[in-house]
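# Survey of secondary and tertiary structure
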Amino acid sequence: MSYLYTPICAKEGAGRCLSPCVQKKEMNVIDIIRNKQGTAFSYEVLPPLKGTGTESLFQTIERLQEFQPCYVNITTHRSEYVYKELPSGLMQRQKIRRRPGTIAIAAAIQQKYGVHVVPHIVCSGNNREDLEYMMLDLQFLGVSDLLVLRGDKARDESTFKPTDDGPAHATDLIEQINRFNSGYFWDGTPIQVPGVPFEYGVACYPEKHEEAANPESDLQALKKKVEMGAGYAVTQMFFDNQKYFDFQERARQAGIDVPIIPGIKPLTKLSQLTVIPKTFHCDLPETLHAEARKCKTDDELKQLGVEWTVEQCRELMKAGAPSLHFYSMGAVDSIYQIAKLIY
């Protein structure tokens, strides 16, 4: 949910924005989608790297305001260990956080642009107390929509390991949020003045989470998150719409009735042809891969990425996708071109 405000829309200039996405009262992501005529537009941004300022991030927000985003997600990133050489020649292990500021950036975007914000909240790198303070800070700022994730393993770990006294799974974090919503801290202490309860969405995987034993167990994990209170699910990026359609059908047959929002990522670099399948465990359709192999430069692949994604989005919109959620890292120019053609 968000502040009551009269937003400034980049498309219309100062004054009252007439977009059907604009909230005249407090609403959550599901309310926003249901009140939107047609397929909603949203995207995800990263907090700026430590010490680099907000100029580049705000340029992204301002450029994509033209398409009246119904909400913007802000990722969060755990601290990592790095090794730095001391004057003595010895190596010292230090903990650093490259992208701090998820909560502050969410509040800044909401206040500056009048856009509904959805910060990520993750198990990775956080203990129960850390997470409670995050929730308190978010309530103070009037932000009560979350995307709840387990998060990634640390770079120096072979498998995910929760922080001491931290949740191990997204369902553990959901349990903590639900307890907080009910007016209790994790240790059972009553919250004297409970704030507005949090609403939340979760992640899902049309091609199976890399750690799931099989697609059915992965689907059951999503079902449990929905039964615990998740109002919607956002997919991992995919490039083959049939995999999304098949996944959505299996989800419905399993009794999962929340909106399943397609996560979209246009290809922009030749290196992604190997990096994306390896990192995100999603396949590139042979038709796309065959065309991509003909590309000699990043610019050629970027243009192919725009063309493929436009057709992908049009098919999803025709099929009634409630929203298209774009992963913007390294792809803002492409997303702008795509949105120009489909919205």
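As a reminder, the structure under discussion sits directly above these lines.
Fair warning: this is a prediction, and the values are worked out from it, not measured in the lab.

## Describing the overall build of the chain
Helix and strand content of the chain: 11 helices and 11 strands. Among the 343 residues that make up the chain, the fraction classed as buried is 50%. Pairs at least 24 apart in sequence give 74% of the contacts found in the chain among residues at least 6 apart. As presented, the chain carries roughly 16800 Å² of accessible surface, and 50% of it is formed by carbon and sulfur atoms.

## Focus: the packing of helix α6 (residues 215-228) against helix α7 (residues 241-253)
Axis separation between α6 and α7 bottoms out at 11 Å; the angle between their running directions is 65°. Crossing of α6 over α7 shows right-handed handedness. Contacts from P215, L219 and L222 in α6 reach F247, R250 and A251 in α7. Considered class by class, the residues forming the contact of α6 with α7 number 5 nonpolar, no polar and 1 charged.

## Re the pairing of strand β1 (residues 40-45)
Of all 6 residues in β1, 6 are buried; the element is thus mostly enclosed. Residues A40, S42 and E44 of β1 are buried on one face, and the alternating residues F41, Y43 and V45, pointing to the opposite face, are buried as well. Inspection of the sheet shows β1 paired to strand β11 (residues 323-327) by 5 bridges, in the parallel sense. When the bridges of β11 are listed, Y43 appears paired with F326. Here β1 runs beside strand β2 (residues 71-74); their pairing, made up of 4 bridges, is parallel. From the neighbouring strand, E44 faces β2, where its bridge partner is N73.

## Brief notes about the pattern of salt bridges
Taken as a whole and judged by the stated rule, the model has 9 salt bridges. D283 is the partner of K243 in a salt bridge, and the nearest nitrogen-oxygen pair spans 2.8 Å. Of this pair, K243 sits in helix α7 while D283 sits in the loop between α8 (272-280) and α9 (286-293), placing them 40 residues apart in sequence. By relative accessible area, D283 is classed as partly exposed at 45%. Residue K302 pairs with D333 through a salt bridge whose shortest N-O separation is 3.6 Å. Of this pair, K302 sits in helix α10 (residues 298-318) while D333 sits in helix α11 (residues 332-342); the two residues are 31 residues apart in sequence, bridging distant segments of the chain. For K302, a relative accessible area of 24% puts it in the partly exposed group.

Parameters at a glance
- Residues numbered from 1 in each chain as written.
- Predicted model: local features only at pLDDT ≥ 70, side-chain atom pairs only at ≥ 80, totals over all residues.
- Heavy atoms only, no water.
- Helix = DSSP H or I, 4+ residues; strand = E, 2+ residues; numbered from the N terminus.
- Buried < 20%, exposed > 50% of the residue type's maximum accessible area, 1.4 Å probe, protein only.
- Contact = heavy atoms within 4.5 Å.
- Areas by Shrake-Rupley, 256 points an atom, 1.4 Å probe, with all protein chains shown as cover.
- Axes fitted to C-alpha atoms, helices over the stretch in contact; angles between N-to-C directions.
- Left-handed = near helix turned anticlockwise from the far one by under 90°.
- Nonpolar A, V, L, I, M, F, W, Y, C, P; charged D, E, K, R; others polar.
- Pairing = 2+ DSSP bridges.
- Salt bridge = Lys/Arg side-chain N within 4 Å of Asp/Glu carboxyl O.

Everything listed here is a matter of geometry and, on its own, says nothing about what the molecule does.
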